[in-house]
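# Secondary and tertiary structure notes
Take a look at the letters that make up each chain.
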Amino acid sequence: MIPVFLGSEITHEQKSEDGAVHVIERRCRLNVDCPYLLKKIVGVDFIFFIQKNTLDRRARTLKIEAHNESFSTRVVVNEDCMYSVHPDNPEWTCFEQVASLDVKSFFGFENTVEKIAMKQYSQNIRKGKEIIEFYINELLSAGITYIPPFDDTVVPPAITISPAEARSRSESLTIDGSPELHLGASASSITHEVIVGRDNETKLDADYIERCLGKLNPLQESRLVQLRKWVSDSHKGKIPSDPTLLRFLRARDFNVEKAREMLCHSLVWRKKYQVDRILSSYTLPAVAKEYFPGGWHYYDKDSRPLYILRIGQMDVKGHLKSIGEEGLLKLSLHICEEGLKKTEEATRRLGKPVSMWTCLVDLDGLNMRHLWRPGVKALLRIIEIMEANYPETMGRVLIVRAPRVFPILWAIVSTFIDERTRQKFLLYANNDYLGLADWIDEEYIPDFLGGTCQVKISEGGLIPKSLYITDGDHDRERSEDKALWEESIYNCISLGKGQVHEVILPNLERGAVICWDFDIMKQDVTFTVLHTVKCVNLDAPSSPTSPLGSADAGHTSCIDKSWKEGVEYSKVEQPILCHDGDSIQGSHVTRVEGTYILQWCHVDPTPGHHHHYTLDLIESITTHKAKVMYYYEILKSHDFRGSMSSLQSCQSAFSSMSIGTNASTQSQISS
């Protein structure tokens, strides 16, 4: 049934005296679907994996551990699977899996090996359901519909089988299946999902789920715990709230890997542009206060906060000319952050989960001037940012009084809106908006729609040209506000295979504090801090890449190759390996004067292996690049004076979505 499985032999088998625990260890042969040339180069037609199955009948668990035997010095594959009984329903089975792949070196085919592993995993996933169904049908055909729990009263004798005896009784398994086949541990499977422990810290309280999260099935609950575990491990205490994690999971159909990637990019975006400060630092422009026709208006029948936007009365061109595209974007983000805050308040007030809000869009007055190209461009940019960073926050969109021109605008905009979100749009054409009573209590239906509730928002209208600002004013505002939008305090770099990026800090005094804060956005990177008393070329590290065609295109460090560690330079902070998604903060107190260097290096899987520069050029184009977003700060010794509170200025702004606010993790000071 599994094409990659060629056979196995039992190398060890043991049962406990009471028969509760049964351990079997096998040596498995697997066929790998890889290019013929690669098989010829490595000289093998199949590979060996070691699989250990531990069945604990008393605890009702099956643990399967697998690792590769072939090429273990070059490639390390580990996989653990656990079948267990659901803690709340003994008739349900939980499946937990963790796997890792570490390609150290493989004859120059590192990327190919990684792709083959992922392809093999995808194929095995598709076969998993077929195999489970096959064995369930085998049990049913044998008339077995129920297997009772382990009975302690029956105590069979202990059995220990030597490797020689095991080999003599082993039976080769073929692709047509066998009763000896144990499910769940496809040794070549590679996944990045995090295993969840069975301790109480990883279980979600049923009352908490009901009050804060809503209805979740066992699989969804498990995926939420997995994502939270990953965030907790990689973001050092900056853990977004469970409702936030749940929104990203729902946006990706509870695919943990896709939700993790989406969440990681969003957290980096919030940190880079300091979105968390917008509620406290943003002031609504006077033009927007008077002419922007939108605002919050009570709640809908599902207790969701209700936002009204009379876009037909909005002077799109006037807003862009008076507050600019960035100003309109900031206004939109402020609305979204207010929405998140209001849903949290509603959840606490009502004692039930409220994670979305409703938007009532009035299109009365919409005409061709709203299709002004710069305005549509700005709208699409805002939608793109909302979709990427505020998933599953829009519960329902009620569109009323849509004119004939609306289908044109909808045809342009709808392609940029996620399918799940599009399904939440309800359209009431012309004056057919009496159905609003199905979603909004009659006492809250706006007066401009024939209701009795007065709406306290601007009526919009044309913005006088006297309030327009020039392009020079736009540039000046962007310059004044660059820390939040146009330019970030963080720097972003990309590193090719084996390349480095360095920040040179010359002539630092003794007792100064170097602080850093960086996020790994892609691939793996090593980070270290160096010290030297020699003169350093300050122009050398200005770019993470050398000119293409140079004979040494991969070496961009300001540390000369002839320098010896411990003589011309030293490592004052030992290198640390940072993985994709990691967020690192730390500091170092200088012990001696001199030049200090912050160094990031793309992890090279084949250290010490040098190609001719033409091959380096090809690799620089075809291989994946690492991405790092970093910020650093230097505190002078007379400002620091040994006080830990002086380091507060170097700590990055934690996300407002976080429920943990632990201090930045500081690396140990070299003694």
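Let me begin by describing the structure that accompanies this report.

Thresholds, definitions, all that
Numbering of residues starts from 1 in each chain and follows the order in which that chain's sequence is written. Selection of residues for local features in this predicted model requires a pLDDT of at least 70, selection of side-chain atom pairs for listing and counting requires 80 or more, and totals for whole chains, interfaces and linings are taken over all residues. Hydrogens and waters are ignored; side-chain quantities use all the structure's heavy atoms. Here a strand is any run of E in DSSP of at least two residues, a helix any run of H or I of at least four, and the numbering for each starts at the N terminus. Only heavy atoms matter for contacts: two residues are in contact if any of them lie within 4.5 Å across the pair. Each accessible area is a Shrake-Rupley estimate made with a 1.4 Å probe; only the visible protein chains count as cover when residues are assessed. A pair is scored as a salt bridge if a Lys or Arg side-chain nitrogen falls within 4 Å of a carboxyl oxygen belonging to Asp or Glu. The rule is simple: take the accessible area with a 1.4 Å probe, protein chains only, and divide by the maximum for that residue type; under 20% is buried, over 50% is exposed, in between is partly exposed. The pairing criterion is simple: DSSP has to find at least two bridges between the two strands. Handedness of a crossover is defined as follows: with both strands directed away from the viewer, a clockwise route from the first strand across the helix to the second makes it right-handed. Lines fitted to C-alpha atoms define the axes here, with helix axes fitted over just the stretch in contact, and angles between the N-to-C directions of these axes take values from 0 to 180 degrees. Note on aromatic contacts: the rings of Phe and Tyr and the six-membered ring of Trp form a pair at centre separations within 6.5 Å, being stacked when their planes are under 30 degrees apart, edge-to-face when over 60 apart, and tilted otherwise. In this analysis the charged atom, NZ for Lys or CZ for Arg, is taken to sit over a ring once it is within 6 Å of the ring centre and within 35 degrees of the ring normal.

## Quick notes on the overall build of the protein
Each helix and strand in the protein was counted, giving 17 helices and 20 strands. Considering only residue pairs separated by 6 or more positions, the protein has 76% of its internal contacts joining residues 24 or more positions apart. In the form shown here, the protein has an accessible surface area of approximately 35,000 Å², with 52% of it arising from carbon and sulfur atoms.

## Digging into the pattern of salt bridges
Considering all chains together, one arrives at 20 salt bridges under this definition. A salt bridge links Glu392 to Arg420; the shortest N-O distance between them is 3.1 Å. A residue pair is termed long-range when its members are at least 10 positions apart, and Glu392 in the loop between helix 12 (373-389) and strand 11 (394-402) and Arg420 in helix 14 (residues 419-422) qualify at 28 residues. Looking at Glu392, the relative accessible area reads 10%, which means it is buried.

## Quick word on the pairing of strand 15 (residues 513-522)
Counting buried positions along strand 15 gives eight out of 10 residues, so the element sits mostly inside the fold. In this structure, strand 15 lies alongside strand 18 (residues 583-589), joined through seven bridges in antiparallel fashion. The residue bridging Val513 from the neighbouring strand is Val589, located in strand 18.

## Describing the pairing of strand 10 (residues 357-362)
With six of six residues buried, strand 10 lies mostly within the body of the structure. By the alternation rule, side chains of strand 10 split into Trp357, Cys359 and Val361 and Thr358, Leu360 and Asp362, which are all buried. Of the pairings in the sheet, the one linking strand 9 (residues 305-309) to strand 10 comprises four bridges and is parallel in character. The residue bridging Leu306 from the neighbouring strand is Thr358, located in strand 10. Here strand 10 runs beside strand 11; their pairing, made up of six bridges, is parallel. In the sheet register, Leu360 faces strand 11, and the bridge partner there is Leu398. Regarding the hand of the β-α-β motif, the stretch spanning strand 10, helix 12 and strand 11 is right-handed.

## Some points on the side chain of His319
Residue placement: His319 occurs in helix 10 (residues 316-322). Dropping the residues within four chain positions of it, His319 is found in contact with Tyr291, Phe292, Met314, Gly324, Leu328 and Ile463.

## Details of the sheet that holds strand 19 (residues 594-602)
By way of backbone hydrogen bonds, the strands of a sheet pair with one another, either parallel or antiparallel. Strand order in this open sheet of four strands is 14-19-16-17, and the pairing throughout is antiparallel. Where the open sheet ends on each side, the last strands, each with one partner, are strand 14 (500-508) and strand 17 (569-578). Going from strand to strand, the sheet's axes swing by 10° on average, the running direction of each strand aside. Alignment of strand 16 (residues 525-532) against strand 17, held across seven bridges, turns out to be antiparallel. Bridge pairing links Thr526 to Leu577 in strand 17.

## Quick look at the sheet that holds strand 18
Pairing is antiparallel in the open sheet, where four strands are placed in the order 13-20-15-18. Sheet topology places strand 13 (491-495) and strand 18 at the edges, where each strand pairs with a single neighbour. Strand-to-strand twist across the sheet, computed as the mean angle between neighbouring axes with direction ignored, equals 25°. Bridging between strand 15 and strand 20 (residues 626-635) involves nine bridges; their strand directions are antiparallel. Residue pairing for strand 20: Phe518 is matched across the bridge by Tyr630. Packed on one face of the sheet, helix 7 (residues 256-272) meets strand 13, strand 15, strand 18 and strand 20 and runs near 145° to strand 15.

## Observations concerning the packing of aromatic side chains
Enumeration according to the criterion identifies 11 aromatic pairs in this entry. Ring geometry for Tyr298 versus Tyr444: centroids 4.5 Å apart, planes at 10°, classification stacked. Of this pair, Tyr298 sits in strand 8 (residues 294-299) while Tyr444 is found in the loop between strand 12 (425-429) and helix 15 (471-480), placing the two residues 146 residues apart along the sequence. Taking the relative accessible area as the measure of exposure, Tyr298 reaches 45% and is therefore partly exposed. Here the aromatic rings of Phe518 and Trp600 are separated by 5.7 Å at their centres, their planes lie at 90°, and the arrangement is edge-to-face. Here the residue Phe518 occupies a position in strand 15, and Trp600 occupies one in strand 19, the gap between them amounting to 82 residues. For Phe518, a relative accessible area of 0% corresponds to the buried category. Just above the ring of Phe48 sits the side chain of Arg27; from NZ or CZ to the centre is 3.7 Å. Here Arg310 stacks its cationic end above the ring of Phe448, 4.0 Å away from the centre of that ring.

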